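# Inside the fold
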Amino acid sequence: MDLTTIVWRVEIVPLEALITMPTGASESDLIEYFAEEPEHWVKVRSQGCHVGVREMWDLHGTWKRWPILIDQALANPQLEGLQVVEGRTRVGVLRGRTRLGLHVAPNHLAWVGRARF
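Residues numbered from 1 in each chain as written. Predicted model: local features only at pLDDT ≥ 70, side-chain atom pairs only at ≥ 80, totals over all residues. Heavy atoms only, no water.

## Brief notes about the pattern of salt bridges
This structure, assessed with the given rule, holds 10 salt bridges. Arg-114 is the partner of Asp-71 in a salt bridge, and the nearest nitrogen-oxygen pair spans 3.9 Å. On the criterion of sequence distance, the pair formed by Asp-71 in strand β2 (residues 68-71) and Arg-114 in strand β4 (residues 107-115) is long-range, its members being 43 residues apart. Overall, the relative accessible area of 30% leaves Arg-114 in the partly exposed class. With a shortest N-O distance of 3.4 Å, Arg-90 and Glu-86 are connected by a salt bridge. Linked by salt bridges that have partners in common, Glu-39, Arg-54, Asp-58 and Arg-97 make up one network. (Salt bridge = Lys/Arg side-chain N within 4 Å of Asp/Glu carboxyl O. Helix = DSSP H or I, 4+ residues; strand = E, 2+ residues; numbered from the N terminus. Buried < 20%, exposed > 50% of the residue type's maximum accessible area, 1.4 Å probe, protein only.)

## Re the side chain of His-108
If you trace the backbone, His-108 turns up in strand β4. A polar side-chain atom of His-108 sits 2.6 Å from a polar atom in the side chain of Thr-62. Polar contacts involving the side chain of His-108 include one to the main-chain carbonyl oxygen of Ala-105, which spans 2.8 Å. Once residues lying within four places of it in the same chain are set aside, the contact partners of His-108 are Glu-11, Ile-12, Val-13, Leu-15, Leu-18, Gly-61, Thr-62, Trp-63 and Leu-94. (Polar contact = N/O pair within 3.5 Å; in protein donor to acceptor, adjacent residues only side chain to side chain. Contact = heavy atoms within 4.5 Å.)

Structure, rendered in structure tokens:
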């Protein structure tokens, strides 16, 4: 993949897309691992750069820092949709909170890499 051909933009990504979004094959189960105990992963992120993570989830139903997603067609032209590159914990927390019926926003900001046309 030629990284110089990718344009990065902040996009609004609907919850429905994030709930089923894959990550790379080498870490395919990692998002579900974090989704099993979302409140644990929010709780342990409370110091340093993670200060405010709990408040963002509780008040706004979203993450503090935007994850990085990429158009899957960049790696395989036969694929459609986005893939999580960075932010597996965040996406797992979102999925887990959704399953538990906790506050989750209907849309979320993320950095998205797409082909430069």
